2 protein chains.
Amino acid sequence: MSQIRHALSVKRADDFAAWYQEVISAADMAEESGVRGCMVIKPWGYGIWERIQRLLDNRIKATGHDNAYFPLLIPLRNFEREAEHVEGFAKEMAVVTHHRLIADGKGGLVPDPEAKLEEPLVIRPTSETIIGDAMARWVQSWRDLPLKLNQWANVMRWEMRTRMFLRTSEFLWQEGHTAHETAVEAKEHTLRMLEVYRACAEEDLALPVIAGEKPENERFPGAVETWSIEAMMQDGKALQAGTSHYLGTNFAEASGIRFQDRDGGQQLAHTTSWGVSTRMIGGVIMVHGDDDGLKVPPAIAPWQVVIVPMLREDDGDGALIDYCEGLRARLAGASALGEPVRVLLDAKPGKATAKRWDWVRKGAPLIVEVGGRDMEGGKVSLLRRDALWGENGKPAFTFPSLDDAASAIPAALETMQASLLAEAAAIRDRRIDRAITDFAGLEAFFGEGVKHPGWAEVQWSKPTGAALDAVTERLKALKLTLRNVPVGAPPADGTCIFTGSPAVERVLVAKAY
Amino acid sequence: MSQIRHALSVKRADDFAAWYQEVISAADMAEESGVRGCMVIKPWGYGIWERIQRLLDNRIKATGHDNAYFPLLIPLRNFEREAEHVEGFAKEMAVVTHHRLIADGKGGLVPDPEAKLEEPLVIRPTSETIIGDAMARWVQSWRDLPLKLNQWANVMRWEMRTRMFLRTSEFLWQEGHTAHETAVEAKEHTLRMLEVYRACAEEDLALPVIAGEKPENERFPGAVETWSIEAMMQDGKALQAGTSHYLGTNFAEASGIRFQDRDGGQQLAHTTSWGVSTRMIGGVIMVHGDDDGLKVPPAIAPWQVVIVPMLREDDGDGALIDYCEGLRARLAGASALGEPVRVLLDAKPGKATAKRWDWVRKGAPLIVEVGGRDMEGGKVSLLRRDALWGENGKPAFTFPSLDDAASAIPAALETMQASLLAEAAAIRDRRIDRAITDFAGLEAFFGEGVKHPGWAEVQWSKPTGAALDAVTERLKALKLTLRNVPVGAPPADGTCIFTGSPAVERVLVAKAY
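Residues numbered from 1 in each chain as written. Chains lettered and ligands numbered in written order. Predicted model: local features only at pLDDT ≥ 70, side-chain atom pairs only at ≥ 80, totals over all residues. Heavy atoms only, no water.

A. Here's a closer look at the sheet that holds strand β11 (residues 209-213) of chain A. All names here are of chain A. As summarised here, the arrangement of the eight strands in space is β3-β9-β10-β16-β13-β12-β11-β26, forming an open sheet in which the pairing is mixed. Two strands in the sheet have a free side with no partner beyond their single neighbour: β3 (66-67) and β26 (485-486). Taken together, the eight bridges between strand β12 (residues 225-232) and strand β13 (residues 238-246) define a ladder with antiparallel strand orientation. In the sheet register, Ile-229 faces β13, and the bridge partner there is Gly-242. Sitting on the sheet, helix α3 (residues 43-62) is in contact with β3, β9 (147-156), β10 (170-180) and β16 (270-277), with an inclination near 165 degrees to β9. (Pairing = 2+ DSSP bridges. Helix = DSSP H or I, 4+ residues; strand = E, 2+ residues; numbered from the N terminus. Contact = heavy atoms within 4.5 Å. Axes fitted to C-alpha atoms, helices over the stretch in contact; angles between N-to-C directions.)

So, in structure tokens, the structure goes:
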């Protein structure tokens, strides 16, 4: 029993980083590809991404954006136009220099020197500079604004240290890009999309997040304002789960996005961009995983209910499968979380107990086992992934009748979705210290002996320039970072823990991924 | 009137290639990006692709495939393992050689010589070689088979002559990859996916296609069998709209996809691959477009019904919009082609007549105009894109009541979907000549003076090797190609038009994109 219960070889409390890798492998979500820094996203991991895509895409379309697609390769000259932007990305760009291979005479291949590109092309690390070109062509008059676009795409940043889902050289994301008549409207839109991300994180992924503005030295390269949502992992670290940028007229200037305004004058457009990526899946693992594997919030579970017949490879299997089909048929019209319930009947050959633990590790929200005795009694054995263990140390099965199961399942999915969020939010809130009043307090909170401290929300005087960099350096020595200035935090009423000056606002301090 | 009626400046009959480009531009589907050979897919074009993706993805999942994601970049060594495959693609591969840029000292950027990759990486032109690596890791036993995967992705082939949607350096596609225990099962699967493509082309895109096997010198590099679906464009040319390959054990051998069989022996898996791309959108344009622009089959139209209130920018506009909202509300529960009807209320500022022609050029299936007089009479003005012109040379509006419109709209969408397919099939069938019995007949059918001849289905002896290449060369002189050997064609009963030997089957000959 104990062997089965401790489904993973590493516990969160013992080695969180190793546990994270093991969940990914045990839940069959992804693996290293053999190509430096690039992972293979396996069906269960990709299925979760498809669910996130679907739900977030609906939200993005509901706020008036159209999807479009722009080139993967970007000419160097596009980057040269925005100095801060290229400074931010030049160190990690994959560069295409040739368009043909030839035999090297030793049985191998080499880039053909005759097919060298006149101008190298870069694999997009983000698409402001190429979408800016298109916006410059499309925007002529204030009547063409706002222009609201979104792209689902792969991007590439040549990261030195990679970690599956959290930081990979290639990753999948959506990037929204909009152009507006005025700064006010563009800033409003930046915050509107931040709110879309908050809603998606909390309502769809059950990830409680804190939305706020990044300090100026943490802005996206080329941005005037950068906002983020930050989620707390079970080890107390912060994960930046999405960002939304007000770009001012910087990229409009670089790309020439000009329009005739309502008075007939020429103006630069104000642009925004915002993105979330497959990184969010890393957040789901680190917030909702446990020592038995992953728990997938029902809204993003590829399968919400997995029915496992306890096959015996004899004549009785047909009747058992029919009985399971009966449950599936009863669920056919059922909805949970605004969509039809997604049910898999896993009738592949194999031992039912082994399959149960496979689905536990994968984090399927509800597992329904059906054996001969269940069938005789007109019942099923129902297991909730978020309430796996009974007080007796055994899996906490309940045994509803077929009809009761059919009506209980949609309700259980909705309950689970809400309770995963509520539990994570409660844990997070307990672990944010808002009472630290000086730097020594901060040092103590994050001190050597403290393993998983959480976050500190402290008052500060919002230093800028060199003074801010000094704060960042001081924090860096403690492996800490400034996360964001939370929206809706209480007004400051004390002194800055960094400078001792009167505080003007509150800022989150944390270790971070 | 004539200025409006001839919405495009070029007619199909005058210059089909120029007409094609103009439809793409007039329907606002895509444009050149400024990056060599790469296009920007604009919202209307991308919306059509999203619809195709959704419908085809459902079909691919219904046949038991899971989606997954594999790296964009492929090491050279992966290609070196399969000689034919690399031979087929080496000439057109984009090669990444550096992972960082540095300043060139003249205000520009260059690849950093210090950041040269030890082994160059290629942007995937197709993913057999990288997915093969993963399959080799995942397949151990016959119990792991069949393994059925699909990927939605961008790929890159450095094409010298490009044409939007039809042939671009970067394009979007899905690529399916499966591994099987036996040749028989893998071949069956190859044909199953060909049938999925046929059904998608005909039922979703209203593109009538002929499914068949490619001659051996037209196979995918490394394949044992290649099958295609071929669609006839309005200029009589063929467009290969999808391919399905039986790869034998070639890629299994190259990647090491071996399994323990049912008798305990070691076997190579038999693999398949199959793909369709954004090229299909080019087919939709060239089959369903007319001199007024695009016609989008309702199943793949981002908006199936566009309601255009004739706004006057005065106090009456509110009532008009409310009236339009009434129609939208009546359609809220309506379904057509198995899905909720997709309705846009286009209440943006602008002249209603201009908007009407915009939507005609874009090919929205149904346009509903609502003016003050319509509202007074409790009616709407309904225009079907596939029956645009009345006998009087004016737009063929009908004027149903609000309730009648609401019930007529779903039916009209279903009728239009069926009739677009039926009309295209009838035209195609009239233009296939099956009575040609010798090469002279073929020359006459495709002769100089004949502008848009169509296709010839001829009998042949299925030559191979050098004899087949000789046939291909002879056809090439006439700008003709062998398309495929149609599934279900009548048995041969004559002589080969190329060799004079007894014929063994029938093959399609056509000019092609």
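B. Expanded view of the interface of chain B and chain A. Taken residue by residue, the interface counts 61 residues in chain B and 61 residues in chain A. There are four salt bridges connecting chain B and chain A. Among the salt bridges present, the one from Arg-137 of chain A reaches Glu-31 of chain B, with a minimum N-O distance of 2.6 Å. At the boundary of chain B with chain A, the tally comes to 30 residue pairs in polar contact (both at pLDDT 80 or more). Considering every element that reaches the side of chain B that touches chain A, the biggest residue donor is helix α3 (residues 43-62) of chain B, with six residues. (Salt bridge = Lys/Arg side-chain N within 4 Å of Asp/Glu carboxyl O. Polar contact = N/O pair within 3.5 Å; in protein donor to acceptor, adjacent residues only side chain to side chain.)

C. Expanded view of the relation of the copies chain B and chain A. Rotating chain B by 180 degrees and translating it 0.0 Å along the rotation axis places it on chain A, where the RMSD comes to 0.0 Å. Taken together, the rotation angle and the small translation identify this as a two-fold axis. If distances are taken from each C-alpha of chain B to the rotation axis, the shortest is found for Val-96 of chain B, at 2.1 Å. A high fraction, 98%, of the interface residues of chain B reappear at the interface in chain A, so the copies pair face to face through one surface. (Least-squares fit on C-alpha atoms with pLDDT ≥ 70 in both.)

D. Molecular detail of the domain arrangement of chain A. Residues and elements named next belong to chain A. Segmenting chain A into domains produces domain 1 (29-282), domain 2 (298-419) and domain 3 (432-510). One C-alpha centre belongs to domain 1, the other to domain 3, and the line joining them spans 29 Å. At the interface, 20 residues of domain 1 touch 18 residues of domain 3. A combined buried area of about 1,500 Å² lies between domain 1 and domain 3, and 59% of that area is made up of carbon and sulfur atoms. For the pair domain 1 and domain 3, the interface holds one salt bridge. A salt bridge links Glu-230 to Arg-483; the nearest nitrogen and oxygen atoms lie 2.9 Å apart. Sorting the residues of the side of domain 1 that touches domain 3 by element identifies β11, β12 and β13 as the ones contributing at least two each. It is β12 that contributes the most residues to the side of domain 1 that touches domain 3, five residues altogether. Grouping the amino acids of the side of domain 1 that touches domain 3 by side-chain chemistry returns seven nonpolar, six polar and seven charged. (Domains from an automatic or database assignment. Buried area = accessible area lost by both parts, 1.4 Å probe. Nonpolar A, V, L, I, M, F, W, Y, C, P; charged D, E, K, R; others polar.)

E. Main features of the UniProt feature "domain: Aminoacyl-transfer RNA synthetases class-II family profile" (unreviewed entry) in chain A. In the UniProt entry, the feature "domain: Aminoacyl-transfer RNA synthetases class-II family profile" (unreviewed entry) is given for residues 45-297 of chain A. With 31% helix and 32% strand, the stretch residues 45-297 of chain A has end C-alpha atoms that lie 13 Å from each other. (UniProt positions renumbered as here; feature names shortened; annotations may be inferred.)

F. Structural context of the pattern of salt bridges. Using the criterion set out here, one finds 60 salt bridges over all chains in the structure. With its nearest N and O atoms 2.5 Å apart, the salt bridge here joins Glu-339 of chain B to Arg-51 of chain B. Here the residue Glu-339 of chain B occupies a position in strand β19 (residues 339-340), and Arg-51 of chain B occupies one in helix α3, the gap between them amounting to 288 residues. Residue classification places Glu-339 of chain B among the partly exposed residues on the basis of a relative accessible area of 23%. Residue classification places Arg-51 of chain B among the buried residues on the basis of a relative accessible area of 9%. Asp-290 of chain B is paired through a salt bridge with Arg-385 of chain B; the nearest N and O atoms lie 2.8 Å apart. One end of the pair, Asp-290 of chain B, is in the loop between α9 (279-288) and β17 (305-309); the other, Arg-385 of chain B, is in the loop between β22 (381-384) and α13 (402-430), and 95 residues separate them in sequence. You'll find Asp-290 of chain B and Arg-385 of chain B in the same group, each marked buried. One network of salt bridges, with partners in common, ties together Asp-28, Glu-31 and Lys-42 of chain A together with Arg-137 of chain B. (Buried < 20%, exposed > 50% of the residue type's maximum accessible area, 1.4 Å probe, protein only.)

G. Seen up close, the packing of α3 of chain A against α3 of chain B. Packing of α3 of chain A against α3 of chain B brings their axes to within 15 Å, and their N-to-C directions diverge by 155 degrees. By the criterion of interaxial angle, the relationship of α3 of chain A to α3 of chain B is roughly antiparallel. Between α3 of chain A and α3 of chain B lies a crossing whose hand is left-handed. Residues Glu-50, Arg-54, Asp-57 and Lys-61 of chain A of α3 of chain A touch α3 of chain B, and the partners they reach there are Glu-50, Arg-54, Asp-57 and Lys-61 of chain B. Looking at the contact of α3 of chain A with α3 of chain B residue by residue, the classes come out as no nonpolar, no polar and eight charged. (Parallel < 35°, antiparallel > 145°, perpendicular 65-115°, else oblique. Left-handed = near helix turned anticlockwise from the far one by under 90°.)

H. Structural detail: unusual backbone geometry. Residues and elements named next belong to chain A. Cis rather than trans, the peptide bond between Leu-145 and Pro-146 has omega equal to -5 degrees. Summarising the element assignment, Pro-146 is placed in the loop between α6 (128-138) and β9. One non-glycine residue with positive phi stands out, namely Asp-28, at about 60 degrees. Tracing the backbone shows Asp-28 in the loop between α2 (16-26) and β1 (30-32). Asp-28 sits in the partly exposed class, given a relative accessible area of 32%.

I. Looking closely at α3 of chain B. All names here are of chain B. For α3, spanning 20 residues, the distance from its first C-alpha to its last is 28 Å, which sits close to the expected 28 Å at 1.5 Å a residue. The complete set of buried residues in α3 reads Trp-44, Gly-45, Tyr-46, Gly-47, Ile-48, Trp-49, Arg-51, Ile-52, Leu-55, Leu-56, Asp-57 and Ile-60. Of the residues trailing α3, Gly-64 is marked for its positive phi of about 90 degrees. (Expected span 1.5 Å × (residues − 1).)

J. Representation of the nonpolar core in the model. Core analysis: the biggest nonpolar cluster contains 89 residues, and Leu-73 and Ile-123 of chain A together with Leu-73 and Ile-123 of chain B have the highest contact counts within it. For this core, the element with the highest residue contribution is α6 of chain A, accounting for six residues. Contacts of Leu-73 of chain A, omitting those with residues within four sequence positions, involve Val-96, Leu-121, Val-122, Ile-123 and Ile-130 of chain A together with Val-35, Ile-123, Met-156 and Trp-158 of chain B. Judged by nonpolar contacts, the second largest core, of 71 residues, contains Tyr-20, Ile-52, Cys-200 and Ala-352 of chain A. (Core = buried A, V, L, I, M, F, W, Y, C linked by side-chain atoms within 4.5 Å.)

K. Summary view of the sheet that holds β17 of chain B. Residues and elements named next belong to chain B. What the four strands build is an open sheet, ordered β20-β17-β21-β22; its pairing is mixed. Where the open sheet ends on each side, the last strands, each with one partner, are β20 (343-345) and β22. Within the sheet, the average angular offset between the axes of one strand and its neighbour, ignoring direction, is 20 degrees. Pairing of β17 with β20 involves three bridges; the strand directions are parallel. Looking at β20, one finds that Ile-307 is bridged to Leu-345.

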